[in-house]
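# Analysis of the macromolecular model
If you want the building blocks of each chain, they are given just below.
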Amino acid sequence: MARRVRQLGGARSRDQQVGGDGRPGDATAADEAVAAATAAHVRGVWRLTPPAERARILDAIADNLAARFDELTALQVRENGATARSAGAFLLGYSIAHLKYFASLARSYAFEETGPLIEAPTLAAGVLRREPIGVCAGIVPWNFPLLLAVWKLGPALAAGNTIVLKPDDQTPLTLLELAGAADEAGLPAGVLNVVTGPGPVVGARLAEHPDVRKVAFTGSTEVGKTVMRAAAGNVKKVTLELGGKGANIVCDDADLDLAVDGTLFGFLLMCGQACESGTRLLLHASIHDEFVRRLVARASTLVVGDPMDAATDVGPLISAKQKARVEKYVALGQEEGCKIAFQGATPTAPDLADGHWVAPTILTGATNDMRVAREEIFGPVLVVIKCADDAEAVAIANDSEYGLSAGVWSTDNERALAIARELESGTVWINDWHMVNAMYPFGGVKQSGLGRELGPGALDEYTEQKFVHLDMANDRAKRVYAVVVPPAAAGRA
Ligand code: NAD
């Protein structure tokens, strides 16, 4: 059967060539995908499909992914080294649940509603329509490719847009499977297009393309700024989910063992390659030494190894380039005056020798002016900073160009909430970390991003509002037009 969902470009994995039509993804492939998405939008094959039917197809895509749960979990592990434990229930589970949430939004969203009556000068009805924007582009990074693509595909399709998705060239596999799942679900031709290939070529073309009306980007702050500049060419709508340097505040009344587990989870999920990681640990002085002692003891029990193994806590990094970057920061932290309080072991088994291993590392004695405390490392490195009290913890937490995530550990909910209110951050977790929920928005403040994904407002980011004024009087005598009605007559109103 011919595929309705287009896959352009040769997707390259570490060990095989898969998908697409075999050509390397390039600017021409991006143009072809945009042309297909534009034609589908103009034909109305999706925007004129009733929202309930759009919801049904989104649900079917989710069901198709769920039906291949084990296979797709393993594929995510192969694709970027996510541990099987995180790739299954967490990443694939979220992808399925979030698609279903977007389907539910399609069913409940106010695509057209009548507003308050307009009474002057003549009676009119106000109709508010929320219409699809047109062709959207979704550019996603390598750390959570499937989930972050779902966060773009879901609301874009729920709202009636067409979309071109571009995975990172290191991780195209799960997006090609997503395209297959959409094809099997009956998504019409041209509505979803996946183009693989290099970011500076394919991603850049999508960001500047005059027929793309919205670009949703997840990735580094640096590239996000490039995308925003390119989007200015035709004043695209833009959503940016960028970097972070999450401040994790442990108060002196925290449940220390709970906070130790949460701190490790907070900075080690995906081997630290997660934008929302808690990478700056702000410890109240009175518990600093005891907390570090318990943290190191617990960290030394973690298993670093084969990501396929269900016993593994921490897997490898994505690439040699990322490994070199993280190691550079560990060395820099020492040069800046930090002490290595903990550095775990990396696997020694011969069959794992070609993995890009960096051991979980805890740097103590940091101050917030150090580069290791200010820059996103994107690896398994935690920087520990001592603070005097809640006020100083908040001040340090907010002293950052980033504002994606933060956390507070305390047994006093009122105290934790008071701190949360002061934090400049798109998300604050209290006594938890990494818990995103489709019903609530996700995104960053400051240089962590623009706009929000997820939550009840997710479709607002993929719709244009249209006001329709519907005159009910149809009475020429009551008109007060400033141009065609003489002053005396106009004055009567
Ligand atoms: P990246 O910015 O290098 O790449 C992200 C995507 O952009 C990839 O698909 C890449 O091919 C593409 N790209 C690269 N150059 C481009 C260009 N000039 N024009 C258009 N597209 C281009 O990021 P990365 O290193 O792959 O991912 C890590 C970064 O992503 C980290 O900074 C991390 O914090 C961030 N991130 C943020 C979130 C979030 O939700 N805020 C989620 C995951 C990752």
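Rules used in this analysis
Residues numbered from 1 in each chain as written. Predicted model: local features only at pLDDT ≥ 70, side-chain atom pairs only at ≥ 80, totals over all residues. Heavy atoms only, no water. Patch = residues over 30% accessible without salt bridge, like charges linked within 9 Å, V, L, I, M, F, W, Y side chains within 5 Å. Areas by Shrake-Rupley, 256 points an atom, 1.4 Å probe, with all protein chains shown as cover. Salt bridge = Lys/Arg side-chain N within 4 Å of Asp/Glu carboxyl O. Lys, Arg positive; Asp, Glu negative; His and termini not counted. Charge placed at Lys NZ, Arg CZ, Asp CG, Glu CD. Helix = DSSP H or I, 4+ residues; strand = E, 2+ residues; numbered from the N terminus. Domains from an automatic or database assignment. Contact = heavy atoms within 4.5 Å. Buried area = accessible area lost by both parts, 1.4 Å probe. Polar contact = N/O pair within 3.5 Å; in protein donor to acceptor, adjacent residues only side chain to side chain. Nonpolar A, V, L, I, M, F, W, Y, C, P; charged D, E, K, R; others polar. Near = heavy atom within 4 Å.

Residues Asp306, Asp309, Asp351 and Asp354 make up a contiguous surface patch of negative charge. Within the secondary structure, Asp309 sits in the loop between α10 (285-299) and α11 (320-335).

What the domain assignment lists for the protein chain is domain 1 (19-242 + 448-468) and domain 2 (247-430). Domain 1 and domain 2 are separated by 31 Å when their C-alpha centres are compared. The interface of domain 1 with domain 2 comprises 22 residues on the first partner and 25 residues on the second. Between domain 1 and domain 2, the buried area comes to about 1800 Å², and carbon and sulfur atoms account for 66% of it. Ranking the residues of domain 1 by area buried against domain 2 places Arg85, Trp142 and Ser448 at the top, with a combined share of 30%. Across the contact surface, domain 1 and domain 2 share one salt bridge. Across the salt bridge formed by Asp313 and Arg85, the nearest N and O atoms sit 2.9 Å from each other. Linking domain 1 with domain 2 are eight residue pairs in polar contact (both at pLDDT 80 or more), by the criterion used here. Elements supplying a minimum of two residues to the side of domain 1 that touches domain 2: α3 (69-80) and α4 (84-108). Residue classes in the side of domain 1 that touches domain 2 are distributed as eight nonpolar, nine polar and five charged.

So, about the site of the ligand. In the vicinity of the ligand lie 27 residues, with Val140, Ser220, Leu242, Cys275 and Glu376 positioned nearest. In this structure, an oxygen atom belonging to the ligand sits 3.0 Å away from a side-chain N or O atom of Lys166. Separating an oxygen atom of the ligand from a side-chain N or O atom of Ser220 is a distance of 2.6 Å. For the ligand, whose unbound accessible area comes to 850 Å², protein coverage reaches 89%. Among the secondary structure elements, those contributing two or more residues to the shell around the ligand are α7 (199-208), β9 (214-218) and α8 (221-231). Residue composition of the shell around the ligand, grouped by class: 16 nonpolar, seven polar and four charged. Mapped onto the domain boundaries, the shell around the ligand takes at least three residues apiece from domain 1 (19-242 + 448-468) and domain 2 (247-430).

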